[in-house]
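# Analysis of the macromolecular model
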Amino acid sequence: MRPSCFSYTRASDTREALDAARRGGRYIAGGTTLVDLMRETVERPESLIDISGLPLREVRATEGGGLRIGALVRMAEAAAHPKARALYPVIAESLELSASAQLRNMATIGGNIMQRTRCTYFRDVTADCNKREPGSGCAALKGHNRTHAILGTSDACVATHPSDVSVAFAALEATVHLLGPDGERRVPFADFLLRPGSTPHREQAIRQGELITAVEIPALPRPLKSGYLKVRDRQSYEFALTSAAVALHVRHGVIREAKVAAGGVGTVPWKLTTVERHLVGERPSAALWAAAADKAADGAQPLQYNRFKPELLKRTVERQLRVVGGMK
């Protein structure tokens, strides 16, 4: 890490945190992403606001059977929580397949969904990267792009979003709760993480000084079966090549609701609405899983070194549909 100066404030309550952020400070809790980026000089904030002591660490069921997870709940805490495991196994599984045990014990839910891409060109300050330096170009477009996105890309950026639990949140149509100088507001998860377009440096629909307070998953019809599948180069501490979060509500032998999203393939967690529409109203079968999964890569634009991803995505989604649907 190059020598740099920054101020440090430990917020005792949300008002103190918001006041400090209004003056340009950056929030830090577990620090598992921001400290890395500071060490690599990708990020050089002048002021850090430690929010780890704020009362945002509750996991609770909401009316009707939904789930609210405080922004400062550790990943390991959320994964182990009885309500999360009982109501939405897909959340617990996506968390358990993330990072390492040490990181899960430190990293928070709010920090996880805010984390920045693991694109090697973004983290190499000598490389062209529009996320890091708008207008400089995207070295990944013609570089080593095996792990990059095939959905939601633009001429300015092809980096994937690295979070696993964000894929589950996207599938379940969660809502992000925010608190800022102008009060509270809610943002649908589908709108919270932004596709790159021509402004890849804008990654979240969050305003200056706003603080994530919770992520809320709506109540869904029961019985509901859900799960998460992650395909990666190795079985531990590795980011996804493809992943699939699936939740199915089946009643009287017919799929009444289907929630499906993919990770490792999009610039944001990718909601597979075409797959969902193909499933609803149908009876579970091996033929249905295959036909629905065949639509998972619709619109994909693979690059030179990730042409394998569309087919791998289809196979990943089909496999997880079979598992959740009870037809392994």
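Here's a quick rundown of the structure. (Residues numbered from 1 in each chain as written. Predicted model: local features only at pLDDT ≥ 70, side-chain atom pairs only at ≥ 80, totals over all residues. Heavy atoms only, no water.)

### Thoughts on the overall build of the protein
The line we're drawing: Under the scheme used here, helices are H or I runs from DSSP no shorter than 4 residues and strands are E runs no shorter than 2 residues, and both carry numbers assigned from the N terminus. Two things to know: the radius of gyration comes from C-alpha atoms, and the globule rule equals 2.2 Å times the number of residues to the power 0.38. Exposure categories follow from relative accessible area, calculated using a 1.4 Å probe and restricted to protein chains: below 20% of the type maximum is buried, above 50% is exposed, and the middle band is partly exposed. Contact between two residues is taken to exist if any of their heavy atoms lie within 4.5 Å; hydrogens are not considered. Computed by Shrake-Rupley with a 1.4 Å probe, the accessible areas treat only the displayed protein chains as cover when residues are assessed. Counting rule applied: Lys, Arg positive; Asp, Glu negative; His and chain ends not counted. Every charge is mapped to an atom, namely NZ of Lys, CZ of Arg, CG of Asp or CD of Glu.
When helices and strands are counted, the protein shows 13 helices and 12 strands. Taken over C-alpha atoms, the radius of gyration comes to 20 Å for the protein, in line with the 20 Å a tight globule of 328 residues would show. The buried share among the 328 residues of the protein stands at 52%. If you take every contact in the protein between residues at least 6 apart in sequence, the share linking residues at least 24 apart comes to 63%. Carbon together with sulfur atoms contributes 48% to the accessible area of the protein, which is approximately 14900 Å² in total. If you average the places of the 46 positive and of the 34 negative side-chain charges in the protein, the two averages end up 4 Å apart.

### Quick word on the nonpolar core
Our working definition: To form a nonpolar core, buried Ala, Val, Leu, Ile, Met, Phe, Trp, Tyr and Cys residues must be joined to one another through side-chain atoms within 4.5 Å.
With 65 residues, the main nonpolar core has Ile69, Tyr88, Ile91, Phe169, Leu279 and Val317 as its most contacted residues. Considering every element that reaches this core, the biggest residue donor is helix α9 (residues 165-171), with six residues.

### Some thoughts on the pattern of salt bridges
What counts is decided by this rule: The term salt bridge refers to a pairing of a side-chain nitrogen on Lys or Arg with a carboxyl oxygen on Asp or Glu at a separation within 4 Å.
Applying the stated criterion across every chain, the model contains 21 salt bridges. With a shortest N-O distance of 2.9 Å, Arg146 and Asp233 are connected by a salt bridge. Here Arg146 is found in the loop between α8 (120-123) and α9, whereas its partner Asp233 is found in the loop between β9 (225-231) and β10 (242-251), with 87 residues between them in sequence. Arg146 sits in the partly exposed class, given a relative accessible area of 28%. Residue class for Asp233 comes out partly exposed when judged on its relative accessible area of 45%. Between Glu276 and Lys271 there is a salt bridge; the shortest N-O distance is 2.2 Å. Residue classification places Lys271 among the partly exposed positions, given a relative accessible area of 22%. Sharing partners across several salt bridges, the network here consists of Arg26, Glu43, Arg116, Lys131 and Glu203.

### Observations concerning the layout of surface pockets
To find leftover empty space, a probe the size of one water molecule is rolled over the atoms. The line we're drawing: Definitions used throughout: a 1 Å grid over protein atoms alone; a cavity as a set of points that fits a 1.4 Å probe which cannot get out; a pocket as an open set with protein on both sides within 12 Å along at least five of seven lines; a lining residue as one with an atom within 4 Å of a point. Grid points are joined across faces, edges and corners, and a volume is the space filled by probe spheres set on the points. Under the scheme applied, nonpolar residues are Ala, Val, Leu, Ile, Met, Phe, Trp, Tyr, Cys and Pro; charged residues are Asp, Glu, Lys and Arg; polar residues are all the others, including Gly.
In this structure, the second largest pocket occupies an estimated 400 Å³ of space. As for the second largest pocket, its lining consists of 24 residues, and the residues nearest its centre are Arg118, Thr147, Thr160, Phe239 and Ala240. The class makeup of the residues in the lining of the second largest pocket is eight nonpolar, 11 polar and five charged.

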